[in-house]
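# Close look at the chain arrangement
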Amino acid sequence: MEEEAWSSYFQKEGDLDFHYRIVQGSKNAKLLELLGADLYHLVRMYRYQFSVSSSRPKRALKEHRQIIDAIDARDPELAELLMRRHISAARRNIENKLNKVSETKGENNG
């Protein structure tokens, strides 16, 4: 991720994308299958769309570094825990954004 541009959560695709590299490094056939070409691009689109105008990119980068440190320390339990927290935080960010959009639409229709 570009550290200078906190306004959105953008990563280059393929081998330069943190999530893609983690899945590739896992050598987990199920994860590799789930992150097939179509799903991968859809996830990238949503990740970008739901991170604009939030503090999520900066926090996500910190989470990435913690995950990498756990992998580097060969601590799979910690790496898994941190990845689960990272995914949960991303999900909460998306849910919050969707709730705000719904509230805004409700105000405009009321």
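Check the entry above for the structure.
Description of the structure in this document. (Residues numbered from 1 in each chain as written. Predicted model: local features only at pLDDT ≥ 70, side-chain atom pairs only at ≥ 80, totals over all residues. Heavy atoms only, no water.)

Attention now goes to the overall build of the protein. Tallying secondary structure elements over the protein gives five helices and zero strands in all. Going from the N terminus to the C terminus, the protein shows its helices and strands as α-α-α-α-α. Taken across its 110 residues, the protein has 26% of its residues classed as buried. Within the protein, contacts between residues separated by at least 24 positions form 67% of all contacts whose residues are at least 6 apart in sequence. When the accessible surface of the protein is totalled, it reaches about 8100 Å², and 53% of it is carbon and sulfur. (Helix = DSSP H or I, 4+ residues; strand = E, 2+ residues; numbered from the N terminus. Buried < 20%, exposed > 50% of the residue type's maximum accessible area, 1.4 Å probe, protein only. Contact = heavy atoms within 4.5 Å. Areas by Shrake-Rupley, 256 points an atom, 1.4 Å probe, with all protein chains shown as cover.)

On to the nonpolar core. A general tendency of soluble globular proteins is for nonpolar side chains to be buried together. Within the largest apolar cluster, six residues are counted, these being F18, I67, A70, A79, L82 and M83. Breaking this core down by element, the ones donating at least two residues are α4 (56–72) and α5 (76–109). When residues in this core are grouped by element, the largest group, three residues, is from α5. Not counting the four nearest positions on each side in its chain, I67 is found in contact with F18, I22, L82, M83 and H86. (Core = buried A, V, L, I, M, F, W, Y, C linked by side-chain atoms within 4.5 Å.)

The subject of this paragraph is the environment of R85. Here R85 lies in helix α5. In this structure, the C-alpha to C-alpha distance between R85 and E63, residues 22 residues apart in sequence, is 8.6 Å.

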